[in-house]
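Letter by letter, the chains look like this.
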Amino acid sequence: VNDFTPICVVGSTPLLLVVSAKSEVKNVQELVAMLKADPDKYNYASTGNGTVIHLANELFLHEAGARARHIPYKDLGPLVSDLRSGTVDFGVFGASAARAHLRSGAIRAVGVFGAARSPAEPSIPTVVEQGLPNVVIEGWFAFIGPAGMPAAEVKHANEAVATAFRTKEVTEALARNGTSIKPDSPQEALAYFRSEAARYASLAQKAGVVPQ
């Protein structure tokens, strides 16, 4: 956190737990039962070692008391292709990245990793609703500046970002993908960065993630 200056956490986007449409799994309970029935058989995909997608999968597995092999991908294209074909058994997608594949019927979402259902996908129940109350994690995005940025510049940048992202056109466009816009203050952003850093460090330790 000391390597840059937090300006504003702009908002967040839901993460979806997904399986191939070819899978017989229809909900979280069925997925957990499948994983526990044969712990060394199944695998999951992520967009890279240590990413939020990787750690979201690991949070799910940890809370479910299950395990699966991690297959990291460098690009989303091959990941989607292998998930569609059933080469990998499940994974986590950002709502916007998953939308087209959900609509085409190529993949199936079995849960949302949020505290509440996504307004963009209200028919998909949360993982919390399905018996895992601690599986709450989402993608978020923020503006940052270089370390030591003058307070007046931080304030000016924060106000500009908040104004831009609160415009009707922007909020409506992002809402269609389930993205929630809630610009905060620099002080709130700093506190959030610190709490998230601690949270992900704990998740990384549980998952056995090491720098590569």
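Structure shown above.
Please read all numbers here as calculations on a predicted model, not as lab measurements. (Residues numbered from 1 in each chain as written. Predicted model: local features only at pLDDT ≥ 70, side-chain atom pairs only at ≥ 80, totals over all residues. Heavy atoms only, no water.)

## Here's the deal with the packing of helix α2 (residues 52-64) against helix α7 (residues 186-207)
For clarity, the threshold we go by: Axis angles are defined between N-to-C directions and span 0 to 180 degrees, where every axis is a line fitted to C-alpha atoms and, for a helix, only to the segment in contact. By the criteria applied, helices consist of DSSP H or I runs no shorter than four residues and strands consist of E runs no shorter than two, each listed in order from the N terminus. Angles are sorted into four bins: roughly parallel if under 35 degrees, roughly antiparallel if over 145, roughly perpendicular if 65 to 115, and oblique for all others. Note on convention: the crossing is left-handed when the near helix lies turned anticlockwise from the far helix by less than a right angle, right-handed when the turn is clockwise. Contacts between residues were defined by any pair of non-hydrogen atoms, one from each residue, lying within 4.5 Å. For this classification, the nonpolar set comprises Ala, Val, Leu, Ile, Met, Phe, Trp, Tyr, Cys and Pro, the charged set comprises Asp, Glu, Lys and Arg, and every other residue, Gly included, is treated as polar.
It is the contact of α2 with α7, at a shortest axis distance of 10 Å, that shows an interaxial angle of 65 degrees. Here α2 is positioned roughly perpendicular relative to α7, judged by the angle of their axes. Read as a crossing pair, α2 and α7 show a hand that is left-handed. Together, Val52, Leu55, Glu58, Leu59 and His62 of α2 and Arg199, Tyr200, Leu203, Ala204, Lys206 and Ala207 of α7 make up the contact between the two elements. Of the residues assigned to the contact of α2 with α7, the class counts are 7 nonpolar, 1 polar and 3 charged.

## Quick notes on helix α5 (residues 151-165)
Inclusion rule: Here the expected span of a helix is defined as 1.5 Å times the quantity of residues minus one. The classification of residues rests on relative accessible area computed with a 1.4 Å probe and restricted to protein chains. Under 20% of the type maximum is buried, over 50% is exposed, and intermediate values are partly exposed. By definition, the arc is the one covered by directions from the helix axis to the C-beta atoms.
The terminal C-alpha atoms of α5 lie 21 Å apart, and with 15 residues this matches the ideal 21 Å at 1.5 Å per residue to within 8%. Buried residues of α5: Val154, Ala157, Asn158, Val161, Ala162 and Phe165, and no others. Down the axis of α5, the buried side of the element spans an arc of 130 degrees, and every buried residue falls inside it. Facing away from the buried side of α5 by over 90 degrees, the exposed positions are Ala152, Lys155, His156 and Thr163. Packing partners of the buried residues in α5 comprise β1 (4-20), β6 (138-146), α6 (168-175), β7 (180-181) and α7.

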